[in-house]
4 protein chains.
Amino acid sequence: MEEHIPFNKVLGIKLREAKRGFARVDVPFRDELVGDPLKPALHGGVLSALADTAGGCAVFSMIEPGSTCSTIDLRIDYLRPGRLEDIHAEATILRVGARVAVASITVWQSDREAPVAVAMGVYSVKR
Amino acid sequence: MEEHIPFNKVLGIKLREAKRGFARVDVPFRDELVGDPLKPALHGGVLSALADTAGGCAVFSMIEPGSTCSTIDLRIDYLRPGRLEDIHAEATILRVGARVAVASITVWQSDREAPVAVAMGVYSVKR
Amino acid sequence: MEEHIPFNKVLGIKLREAKRGFARVDVPFRDELVGDPLKPALHGGVLSALADTAGGCAVFSMIEPGSTCSTIDLRIDYLRPGRLEDIHAEATILRVGARVAVASITVWQSDREAPVAVAMGVYSVKR
Amino acid sequence: MEEHIPFNKVLGIKLREAKRGFARVDVPFRDELVGDPLKPALHGGVLSALADTAGGCAVFSMIEPGSTCSTIDLRIDYLRPGRLEDIHAEATILRVGARVAVASITVWQSDREAPVAVAMGVYSVKR
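Residues numbered from 1 in each chain as written. Chains lettered and ligands numbered in written order. Predicted model: local features only at pLDDT ≥ 70, side-chain atom pairs only at ≥ 80, totals over all residues. Heavy atoms only, no water.

(A) Spatial organisation of the pairing of strand β8 (residues 117-126) of chain B. Residues and elements named next belong to chain B. Counting buried positions over the 10 residues of β8 gives nine, a clear majority of the element. Bridge count between strand β5 (residues 68-78) and β8: 10 bridges; the pairing is antiparallel. Bridging from a neighbouring strand, I76 pairs with A119 of β8. Note that strand β7 (residues 100-108) and β8 share eight bridges and pair antiparallel. When the bridges of β8 are listed, T106 appears paired with V118. (Buried < 20%, exposed > 50% of the residue type's maximum accessible area, 1.4 Å probe, protein only. Helix = DSSP H or I, 4+ residues; strand = E, 2+ residues; numbered from the N terminus. Pairing = 2+ DSSP bridges.)

(B) Main features of the packing of helix α2 (residues 44-60) of chain C against helix α2 (residues 44-60) of chain D. Where α2 of chain C contacts α2 of chain D, the two axes come as close as 9 Å, and the packing angle between them is 145°. The handedness of the crossing between α2 of chain C and α2 of chain D comes out as right-handed. For the pair formed by α2 of chain C and α2 of chain D, the contact residues are G44, G45, S48, A49 and D52 of chain C on the first element and G44, G45, S48, A49 and D52 of chain D on the second. Of the residues belonging to the contact of α2 of chain C with α2 of chain D, the class tally is two nonpolar, six polar and two charged. (Axes fitted to C-alpha atoms, helices over the stretch in contact; angles between N-to-C directions. Left-handed = near helix turned anticlockwise from the far one by under 90°. Contact = heavy atoms within 4.5 Å. Nonpolar A, V, L, I, M, F, W, Y, C, P; charged D, E, K, R; others polar.)

(C) The relation of the copies chain D and chain A, seen in detail. Superposition record for chain D on chain A: RMSD 0.0 Å, screw rotation 180°, translation along axis 0.0 Å. What the rotation and shift describe, once combined, is the action of a two-fold rotation axis. Among all residues of chain D, the one whose C-alpha sits closest to the rotation axis is R75 of chain D, at a distance of 4.1 Å. Looking at chain D, 100% of its interface residues are interface residues in chain A too, so the copies touch through the same face. (Least-squares fit on C-alpha atoms with pLDDT ≥ 70 in both.)

(D) Molecular detail of the interface of chain D and chain A. The interface of chain D with chain A comprises 12 residues on the first partner and 12 residues on the second. Both faces combined, the contact of chain D with chain A buries some 1,000 Å², and carbon together with sulfur accounts for 60% of it. Three residues stand out in chain D for area buried against chain A, namely R75, L79 and M120 of chain D, and they jointly supply 49% of the buried area on that side. Put simply, chain D and chain A have two salt bridges between them. For the pair chain D and chain A, the interface holds four residue pairs in polar contact (both at pLDDT 80 or more). Every element with two or more residues in the side of chain D that touches chain A is listed here: β5 (68-78), β6 (87-96) and β8 (117-126) of chain D. The leading source of residues in the side of chain D that touches chain A is β5 of chain D, at five residues. (Buried area = accessible area lost by both parts, 1.4 Å probe. Salt bridge = Lys/Arg side-chain N within 4 Å of Asp/Glu carboxyl O. Polar contact = N/O pair within 3.5 Å; in protein donor to acceptor, adjacent residues only side chain to side chain.)

(E) Structural context of the relation of the copies chain B and chain A. When chain B is brought onto chain A, the operation consists of a screw motion whose angular component is 180° and whose axial shift is 0.0 Å, with 0.0 Å RMSD remaining. A share of 100% of interface residues in chain B that are also interface residues in chain A marks the association as one of identical surfaces.

(F) Representation of the pattern of salt bridges. Tallying each qualifying case throughout the model produces 40 salt bridges over all chains. The shortest N-O distance in the salt bridge between R75 of chain C and D77 of chain C comes to 2.7 Å. Here R75 of chain C matches D77 of chain C in class, with each residue buried. Through salt bridges with shared partners, a single network forms among D73 of chain A, R75 and D77 of chain B, D73 of chain C together with R75 and D77 of chain D.

(G) Structural view of the pairing of β5 of chain B. In terms of burial, β5 of chain B is a largely internal element, nine of the 11 residues being buried. Bridge analysis of strand β5 (residues 68-78) of chain A against β5 of chain B gives five bridges, and the strand direction is antiparallel. If you follow I76 of chain A over to β5 of chain B, its bridge partner there is L74 of chain B.

Dropping the structure here:
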C-alpha cells in the first residue's frame, strides 16, 4: 500500500494489520504533517486521509480479490487537537452488503482511550 | 498560508481569493496526489484536506484578526473520481454565530458544473 | 405519498412538486411538531424527516417505476431554530449512478434566503 | 420529557436511563411509525429523531441545570431496515467542552449486536 499509492507515501501511511472486517493503519509523526504551527497541531486533512484509508482497508478485507472499493462519503469529528506524535487509526466494518459497506473509524495517538477523531465512512463496492 | 502551514505546502494549496464569507483555494496537480494509480484518480484525502482548508479560510474572512478557528466536523461526499488535473475548492459561509460557523464547500476540476465533491464543515470560533 | 406512508401522514408531509432530479415537500405547522416549547422551536426530528423525504422523492423522480430507494445516510446541519410556521424542503440530485444517488436538500420557512437547515442524503437505488 | 416536548409525545419517546455522559431512550412500536408499508420498515425519520433525542439527553446529563443544548448537526447511517418492533437508542458523550458536545449514538431493536442505525451528533451548549 505504501509503495503503490503515491499520496499514502507522502503521508507515510503504513498498514499495520488487516483481518476480516478490521484494519489498522499508522502514520509516524513528521514535521510536514503540521497544520497549525502555533497551537501546535496536526493538519485535520492528515487525520481525515488516514481515517479514509483505514476504512478502505477494512472494506478490502471483506471483499474478493479483484473487487474495487471507493469512498462515497466520509464524516470526521475532531475531538481534540492532534499532537505532534505518531497517529493510529482503526476501522471496523459495521455493515457490508452487495454494493455498499459502512466503516466506523477511530483515530488516536498515545492515549487510546482519548481518541483525537472518530469517523464514519461509506464505501461503494464493486465485486 | 502556503508558507506557514507545513501540510498545506505538502499539498500545494494556494489561497486564490477570500472575501467576506467566501474563500477559494486551488491545488495544482502533481503526481504525488494520486490515490489510485490504476483508475487513475486523486486521493480522497487531498480533496478532503482542500475542502477543510477552503471552509476554514471562509470562516477566517468573517472573524476578527486574532480570533481562532478549528474544525469541529467535516463531511465530504465524493461525487466522481478526481481526475489527474488541478483542483479548485470554494467555500461559502452558511451561518456564523458567536461560537460556531458552518461552511458549504464545492470541489471541482475543469468542469465547474460537475463537482468532484461537496462538503459541509462546522468550525469552532474563538473570538 | 401522504396516504400510503403512515409516518408521513403523522408529520403531515405533502409532496408539492417533483420533476427530473428535483422534489419539493411541505409540512404545514401544527402544535405537535414542537420540540422546545420554551424557546419555542420545532423538533429537529421533523426537519430531518422532511429533508430525508424530500431527498427520497427527488431520487424517485430519476429512477424507473418499480425501482426502490432507501436512505444509506443523512447529514443535517441545523442553521437556526425552526419557527412555529410551515416548513418547506427542496431536494436536488447531485449524482445518480447505477446504485447510489446523492441529494442536496434545503429546508426553509418564510424566508427562503435564510434556510433553517441544509442536509445531504445518500440513497441506495435498486433498479 | 414525554410530556413537555410535543413531538416526543407524538413519537412516544420514553427516557429510560440517564447518567453522567450517557442516556437511553426507547420508542414502543406503533403502526404510525412505519415509513414503508411494503417492505415493511420503520420511517428513517423516527430513527433519526430518536437518535437526536438520545444524544441531547446524554448532553443534558453533563451540563448544569439551567444550561441549554441544541443540535448543531446530526449524521445517521442506516445499517438495516427498521423492523416493526420497539426501538432503543443509547448515546455516549465523546467530548464535552465549554461550548460544544459530541455524542455517539446506537439505535437497535431486538438484537443489540446488530444495530439498525448509528449516528453522531454535535450539540451547542450554553451554560
